[in-house]
Amino acid sequence: MAPASHPLVLAARSLAEDVLAPDAARVDREGVPVSHVEAVRRSGLLGVAAPEEYGGAGAPDAVAREVAEILAGACCSTWFVQTQHHTPVKLLARAELPVRERLLRPLATGELMAGIAYAHVRAFPRVPVRARAERGGWRFDGTVPWYTGWGLNDVMLLAGVTEADEVVFAFAEAREQPGLRPSPPMRLAALTAARTVSLELDGLWLPDESVVLRTPQAEFAVGDRPRNTNASPAVFGVAEAALRVLDEAGETETAHALRDRLDEVRRGAYELAEHPVPHERIEERLALKTRAYDVMRAATTAAVVAGGGRALQLDGTAQRLAREGMFLLVQGQTAEVRRAHLAALARI
């Protein structure tokens, strides 16, 4: 089945057209509402990558990418909240532990929604969150700098690094509790609506049965690298939304030229994403990632230019897409991605 005709892609388009896009300006100002999360749950999209035997769709990666593009182009804040969910699901699907049987089905069916609190592990050898074995479980201390979806997620995938440089991933309830205290919601230039906080951990204790993975930091880094060197589908989704703004403004020639460039970069990026060895051809992946940023930046800038002064009004689609694009330039950024992007910008 072609990705465009997959039932989940059709569900994503319906959700985007009927719920997300019409409300995107208000959400940008006021925050992602619980009703949006409930609509995502009902759509079945939270199970896009989950195994069918646990109630998920088991859809191919191409379908998941198409869904991500559609949601990000309609309401990037809602996309960003729900996209956190899919990494814990994939990790659980590969695990052979009691936590899999306890959580995978409710996460696959959308009964529960997960967030992630592990990006800080990429800062190694700096260790923002330390994990220590204690009393038949694990104690977590430190600061999670970024946690998205606070108040919307049910559980979180938390990670810390031990003194022996082992990364411990465990599930915790996404609520204030002894040893876990959230900051006030962050005010950001873009995607404030996604309800991002930092988390202070002071002796948060989780039992052994909440642990889903323990792995040496070096092995984690190898497996994590392709996730950040591949171009994000959200970049293509926001760019495509900006090109629709151009079309609606009558600037079809500019939109056509940029869409050709966007399609070319997307094809190359997705071909590499399907490569059977994910940690190969890293330089090509980074080059396509930075080219995707270039096209997105050109598309969102063109949408602002086409709108003139009206584009700067706070309910204007063009300025919102430009800010969302700015956010995507640094979302999930690693030192390697930053160096490659800055080098590409220096050559302009």
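Chains are numbered independently. Their residues run from 1 in the order of the written sequence. In view of the model being predicted, local features appear only for residues whose pLDDT reaches at least 70, and side-chain atom pairs are presented and counted only at 80 or more, with totals across whole chains, interfaces and linings using the full set of residues. As a rule here, side-chain values cover all heavy atoms of the structure and leave hydrogens and water aside.

1. A word on the overall build of the protein
Runs of H or I in DSSP of at least four residues are treated as helices and runs of E of at least two as strands, each being numbered from the N terminus. Along its length, the protein carries twelve helices and eight strands. Relative to the globule expectation of 20 Å for 348 residues, the C-alpha radius of gyration of the protein, 20 Å, shows essentially globular dimensions. With respect to the three principal axes, the spread of C-alpha positions in the protein is 65 × 40 × 40 Å. A simple rule labels every residue: compare its accessible area, found with a 1.4 Å probe on the protein chains alone, to the largest value its type can have, and call it buried under 20%, exposed over 50%, or partly exposed in between. When the 348 residues of the protein are sorted by exposure, 53% land in the buried category. In the protein, the proportion of contacts linking residues at least 24 apart, taken out of those at least 6 apart, comes to 73%. Within the structure as shown, the protein displays about 15700 Å² of accessible surface, and the carbon and sulfur contribution to it stands at 53%. When charges are counted, Lys and Arg contribute as positive and Asp and Glu as negative, whereas His and the chain ends are disregarded. Each charge is placed at NZ for Lys, CZ for Arg, CG for Asp and CD for Glu. Of the charged side chains in the protein, 40 are positive and 45 negative; the average position of the first set lies 3 Å away from that of the second. The globule rule used here is 2.2 Å times the number of residues to the 0.38 power, and the radius of gyration it is set against is calculated over C-alpha atoms. Note on contacts: a residue pair qualifies if any of its non-hydrogen atoms lie within 4.5 Å across the two residues. For every accessible area listed, the method is Shrake-Rupley and the probe measures 1.4 Å; residues are considered covered only by the protein chains on display.

2. Some remarks on the pairing of strand β7 (residues 196-207)
Two elements, strand β3 (residues 137-148) and β7, share ten bridges in a ladder whose sense is antiparallel. Bridging across to β7, F140 finds its partner in L204. Two strands pair when backbone bridges link them, and strand β6 (residues 180-182) and β7 are joined in this way by three bridges, in the antiparallel orientation. Its bridge partner being in β7, P182 is matched across the sheet by L199. Here, a strand pair is defined by DSSP locating no fewer than two bridges between the strands.

3. Quick look at the layout of surface pockets
Here a cavity denotes a set of grid points, spaced 1 Å apart and computed over the protein atoms alone, in which a 1.4 Å probe fits but from which it cannot get out, and a pocket denotes an open set meeting protein on both sides within 12 Å along at least five of seven lines; residues with an atom within 4 Å of a point are reported as lining. Grid points are joined across faces, edges and corners, and a volume is the space filled by probe spheres set on the points. Its boundaries defined by the atoms lining it, the second largest pocket holds a volume of some 490 Å³. For the second largest pocket, the lining is made up of 24 residues, of which A21, G73, A74, A241 and R244 are closest to its centre. Only α1 (7-30), α3 (61-74), α8 (233-248) and α11 (317-330) provide two or more residues apiece to the lining of the second largest pocket. Top element by residues in the lining of the second largest pocket is α1. It accounts for seven residues.

4. Let's talk about the environment of G307
Of note, G307 is situated in helix α10 (residues 282-307). G307 sits 62 residues away from V245 along the chain, and the two C-alpha atoms are 8.8 Å apart.

5. With respect to the pattern of salt bridges
A pair can form between side chains of opposite charge whenever their charged atoms are brought close. Here, a salt bridge means any Lys or Arg side-chain nitrogen found within 4 Å of an Asp or Glu carboxyl oxygen. Within this structure, the stated rule accounts for 28 salt bridges. As a salt-bridge pair, E30 and R26 come within 3.0 Å of each other at their nearest N and O atoms. Here the residue E30 and the residue R26 both occupy positions in helix α1, the gap between them amounting to four residues, near one helical turn. On the accessibility criterion, E30 (55% relative accessible area) is exposed. You can call R26 partly exposed: its relative accessible area is 31%. Linking D141 and R139 is a salt bridge whose minimum nitrogen-to-oxygen distance equals 2.6 Å. A network of salt bridges, in which partner residues are shared, links E69, E240, D247, R259, D263 and R266.

6. Considerations on the nonpolar core
What is meant by a nonpolar core is a set of buried Ala, Val, Leu, Ile, Met, Phe, Trp, Tyr and Cys residues, joined one to another through side-chain atoms within 4.5 Å. Core analysis: the largest hydrophobic core is formed by 65 residues, its most contacted members being L71, W79, F236 and L328. For this core, the secondary structure elements donating two or more residues are α1, α2 (34-43), α3, α4 (76-83), α8, α9 (252-273), α10 and α11. In terms of residues, this core owes the most to one element, α8, which gives ten residues. When sequence neighbours within four positions are dropped, the list of residues in contact with W79 reads A68, L71, A72, S232, A234, L328 and Q331. Of all hydrophobic cores here, the second largest spans 24 residues; its members include Y54, L104, A159 and F169.

7. Describing the packing of aromatic side chains
Pairing of aromatic side chains here covers Phe, Tyr and the six-membered ring of Trp, requires ring centres within 6.5 Å, and sorts the geometry by plane angle: under 30 degrees stacked, over 60 edge-to-face, intermediate tilted. A complete count under the given rule lists seven aromatic pairs for this structure. Ring geometry for F169 against F220: centres 5.8 Å apart, planes inclined by 45 degrees, an arrangement best described as tilted. In this pair, F169 is assigned in strand β5 (residues 166-173) and F220 in helix α7 (residues 217-229), connecting sequence segments 51 residues apart. F169 gets classed as buried once you look at its relative accessible area, which sits at 3%. You can call F220 buried: its relative accessible area is 8%. Ring geometry for F236 and Y270: centres 5.5 Å apart, planes at 80 degrees, overall edge-to-face. One end of the pair, F236, is in helix α8; the other, Y270, is in helix α9, and 34 residues separate them in sequence.

8. Section: a nonpolar patch on the surface
Note that patches include only residues with greater than 30% relative accessible area and no salt bridge, and the join distances are 9 Å for like charges and 5 Å for nonpolar side chains (Val, Leu, Ile, Met, Phe, Trp, Tyr). Taken together, the side chains of L342, L345 and I348 make up a nonpolar region of the molecular surface, amounting to roughly 310 Å² of accessible area. By the secondary structure assignment, L342 is in helix α12 (residues 335-346).

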